[in-house]
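Chains, contacts and geometry: an overview
What follows is each chain in one-letter form.
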Amino acid sequence: MKSLEELKRIKEETLKAMDLRQAKDRGKIVVAMGTCGIAAGAKDTLMAVIDELDKAGVHDVQVVQSGCMGLCDREPTIEVSMKDQPSVIYGDVDDANARRIVREHVQGGQVVAELVIKRGNL
Amino acid sequence: MIRNQLLICAGGACITSGEKSVKDVLVEELAKNGIQDEVQIIETGCMGACDLGPIVVVYPEGTFYQKVTPQNAGPIVSEHLVKGRVVSGLLYRQPTSETRAQTREEISFYTLQVKRVLRNCGVIDPLSIEEYIARDGYFGLGKALEIGPDAIIQTIQESGLRGRGGAGFPTGIKWKAARDASGSPKYVVCNGDEGDPGAFMDRSVLEGDPHSVIEAMVIAGFAIGAATGYVYVRAEYPLAIERLEVALTRAREYGFLGRNILGSGFDFDIEIRIGAGAFVCGEETALLRSIEGKRGMPSAKPPFPAQAGLWGKPTLINNVETYANVPPILINGAEWFRSVGTAKSPGTKVFALAGKVQNTGLVEVPMGTTLRELVFDIGGGIPGGKAFKGAQTGGPSGGIITADYLDMPIDFDSVKELGTIMGSGGLIILDEDNCMVDVAKFYLAFTVDESCGKCTPCREGTKQMYQIMERITDGKGTPNDIGKLKTLGRVIQQTSLCGLGQSAPNPVLSTIRFFPDEYRAHIEDRKCPAHACLHLLTYSVVSEKCVGCTACARQCPVQAITGQVKKAHVIDQATCIKCGSCYEVCRFDAILKE
């Protein structure tokens, strides 16, 4: 360690690893992880959401799990709630769809209409 | 790819209540569910709410699980992490309603605090220097090297930071005196000899955020022109020593200690000195003698350590909490520091809340916070609906703040006016069941024990005071005892060599001042109003209420209770050892305690 620049670099790198502990206030993605969801592949969905957000450098959206939302035939389901917007529930969210939702909805601000089950809170 | 982080509080109290076994269960459960690569477990320093431990916080949600045991920890993995269902049984139950808090932000114990000194405790992994850096660690040092010694000292002076070890001496003046002192080499010392019974903020900072102290000591060394620093920690703090050692090694690897720090040409290193746990070694001149390898005994001041300290050389000595305040002051400036607290005592103070209060633990609040806010809003009030009687501040060197002063803003100067001291921040809450004479006797016993014996007023005087106190609580006090205690106390205060002796009479004088009736009751009526002093206590059977169930007679360990079945029993006062077990076991309120 010989300079402040190096110190800043370590700070930025470590902040990424500590990212989960930071306040995230731009939005929240809830992945339903009931038995039905897990059976339908919700775990892959969860990891795909996290991976895609990370690749896109999005650090202000929280990803959490919830129990079954009661839409078992459309699992895996996720709920995307961006700040100041009505939340959207998506069904049949496999790996590819999860990545698409992150790109189009979270980053692009465009709801992926064909996967929508419901708009607004349940 | 990590999707969740589990923060487990690995502060001293949580470790004692089983944190390691909880962690083992969580590790096992993660593996059982095949998600060990997706969830990271991080052990942090003290989260403060020690009575709720062991504590586990699940991120990103920040779900706060308390009183986790190896038996109930499993569902945090199998329910929360696997199925997304919050384990509601482990959430904190709000004291005033039936609802449960999901996160720390919903618990008043946390929301009313301002964490500056404890900014990283319970948030980062204390063994990770990178996490410290990520929270702006060592940027204060970077700034310090850039602005130079004079500007550093000016910033500390302007901030108004005062010594957190007890006396509240302006830190900037100390630093300037050490810089201006002639003599070489100079030394920087950290006083981590936390001795007040009940105070553990310094331990928590060393355990939870050791780099904050290291960084501040390097800054101090640069400011006064020293190349060597010593951290004096007591041997009773093995975890603090262990984590400090790891932190020192990491700091050397990263070049924050050693030669040519951050390319500035400045050299500095730190060594740990382990004390044997003598209270007097918290006194700075005694501490310095102890570092020199001599017997820890104080010497007269002046000369002050800044002029002639370690090995007679100029030495800057500050307390752990004082140092932990320094890096953020350099980063954010003096104005920022003054933005909380009172005009003459800016900043925050960490208090160790203990005794008769719902939420015990470590709390950091702005100076000027009232005792009412500390005890009732943050502390959750007195358990069992009992009445608040007073708070002992400053441990054995302090005194009582009574219920009349609940709304007085607490800072260095206001507590002094009440005849007590801020001390290191120990705050023991007392309720109606505490006898003030007994409490004062307890603290006096502590100083009698810890007096180093060098000067007569402290060695002999405290012993004489203790014998009078013992006489009073034994029911053998005489009417002029109070006068004797006051005279002795004043003489000891004025003639003792060091702070230990000078402050030793405080608990007695303070309780005489605020609770004269309790002393009189002990001396004149031979009664202890709080029923705490055993010799002044009698247990007897109220024969009208006694149904002769024999429960008390069977419970009595010395067979002092006799009587026939279904007939009133009798306690033989000569045999009774006043253990109170009959009082506890009786279901008919037939035992009278007076």
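None of the values given here were measured: they were computed from a predicted structure.

**Brief notes about the overall build of chain A**
- The number of helices and strands found in chain A is four helices and five strands.
- Traced from its N-terminal end to its C-terminal end, chain A shows the element sequence α-β-α-α-β-β-β-α-β.
- Along the longest, intermediate and shortest principal axes, the C-alpha atoms of chain A span 60 × 30 × 20 Å.
- Looking at the 122 residues of chain A, the share that counts as buried comes to 36%.
- Within chain A, contacts between residues at least 6 apart in sequence are counted, and of these 68% link residues at least 24 apart.

**A few points about the overall build of chain B**
- Within chain B one finds 24 helices and 19 strands.
- C-alpha extents for chain B along the principal axes are approximately 90 × 70 × 40 Å.
- Counting the 594 residues in chain B, one finds 56% classified as buried.
- When contacts within chain B are restricted to residue pairs at least 6 apart in sequence, those whose partners lie at least 24 apart make up 71%.

**Focus: the sheet that holds strand β7 (residues 187-192) of chain B**
All names here are of chain B.
- With parallel pairing, the four strands of this open sheet are ordered in space as β9-β8-β7-β10. Two strands bound the open sheet, and with one partner strand each, they are β9 (269-275) and β10 (315-319). Taking each pair of neighbouring strands and ignoring which way they run, the sheet shows an average axis angle of 20°.
- Where β7 meets β10, five bridges bridge the pair, whose relative direction is parallel. When the bridges of β10 are listed, Asn191 appears paired with Asn319.
- Sitting on the sheet, helix α10 (residues 210-224) is in contact with β7, β8 (228-234), β9 and β10, with an inclination near 150° to β7.
- Across the sheet, helix α12 (residues 284-291) is in contact with β7, β8, β9 and β10; its angle to β7 comes to roughly 110°.

**Topic: the nonpolar core**
- By size, the foremost hydrophobic cluster in this structure holds 205 residues, and its most contacted members are A:Val49, B:Val189, B:Val213 and B:Ile219.
- A per-element tally of this core places α10(B) first, with ten residues.
- B:Val541, B:Cys546, B:Ala560 and B:Ile591 belong to the second-largest nonpolar core, a separate cluster that totals 13 residues.

**Examining helix α18 (residues 456-473) of chain B**
Residue and element names in this part refer to chain B.
- Given a rise of 1.5 Å per residue, 18 residues ought to cover 26 Å, and the 25 Å separating the end C-alpha atoms of α18 matches this to within 8%.
- By the burial criterion, the buried members of α18 are Pro457, Cys458, Gly461, Thr462, Met465, Met469, Ile472 and Thr473. The arc that holds the buried residues of α18, viewed along the axis, is 110°, so those residues lie on one side.
- Here the buried face of α18 lies against α17 (436-450), α19 (481-495), α20 (499-503), α21 (506-514) and α22 (516-524).
- Phi turns positive, to about 85°, at Gly475, one or two residues after α18.

**So, the interface of chain B and chain A**
- Facing 24 residues of chain B, the contacting portion of chain A comprises 26 residues.
- Taken together, the elements giving at least two residues each to the side of chain B that touches chain A come down to β1 (4-9), α3 (74-83), α5 (129-134) and α6 (139-147) of chain B.
- Ranked by residue count, the leading element in the side of chain B that touches chain A is α5(B), at four residues.
- When its residues are assigned to classes, the side of chain B that touches chain A shows twelve nonpolar, six polar and six charged.

**Comments concerning unusual backbone geometry**
Residue and element names in this part refer to chain B.
- For the bond running from Gly53 to Pro54, omega is -10°, close enough to zero to count as cis.
- By the secondary structure assignment, Pro54 is in the loop between β2 (39-44) and β3 (56-59).
- Put simply, Pro302 and Pro303 share a cis peptide bond, and its omega is 5°.
- You can see Pro303 is positioned in the loop between α12 and β10.
- With a phi close to 55°, His531 is a non-glycine residue in the positive phi region.
- Look at His531 and you get partly exposed, because 18 C-beta atoms sit within 10 Å.
- Positive phi values are uncommon outside glycine, yet Gln559 reaches one of about 50°.

**Remarks on the domain arrangement of chain B**
- One can read the domain layout of chain B as domain 1 (4-105), domain 2 (129-334), domain 3 (348-431), domain 4 (436-524) and domain 5 (538-593).
- Its C-alpha centre places domain 1 of chain B at a distance of 46 Å from the equivalent point of domain 5 of chain B.

**A short note on the packing of α17(B) against α21(B)**
All names here are of chain B.
- Orientation of α17 relative to α21, taken along the N-to-C sense of each, is 165°, at an axis distance of 8 Å. Here α21 runs roughly antiparallel to α17, going by the angle between their axes. Taken as a pair, α17 and α21 cross one another with a handedness that is left-handed. Each of Met436, Val437, Val439, Ala440, Tyr443 and Leu444 in α17 lies in contact with α21, whose residues at this interface are Pro507, Val508 and Thr511.
- Looking at the contact of α17 with α21, its residues break down into eight nonpolar, one polar and no charged.

What counts and how
- Residues numbered from 1 in each chain as written.
- Chains lettered and ligands numbered in written order.
- Predicted model: local features only at pLDDT ≥ 70, side-chain atom pairs only at ≥ 80, totals over all residues.
- Helix = DSSP H or I, 4+ residues; strand = E, 2+ residues; numbered from the N terminus.
- Buried ≥ 20, exposed ≤ 12 C-beta atoms within 10 Å, placed from the backbone.
- Contact = placed C-beta atoms within 7 Å.
- Pairing = 2+ DSSP bridges.
- Axes fitted to C-alpha atoms, helices over the stretch in contact; angles between N-to-C directions.
- Core = buried A, V, L, I, M, F, W, Y, C linked by C-beta atoms within 7 Å.
- Expected span 1.5 Å × (residues − 1).
- Arc of directions from axis to C-beta.
- Nonpolar A, V, L, I, M, F, W, Y, C, P; charged D, E, K, R; others polar.
- Domains from an automatic or database assignment.
- Parallel < 35°, antiparallel > 145°, perpendicular 65-115°, else oblique.
- Left-handed = near helix turned anticlockwise from the far one by under 90°.

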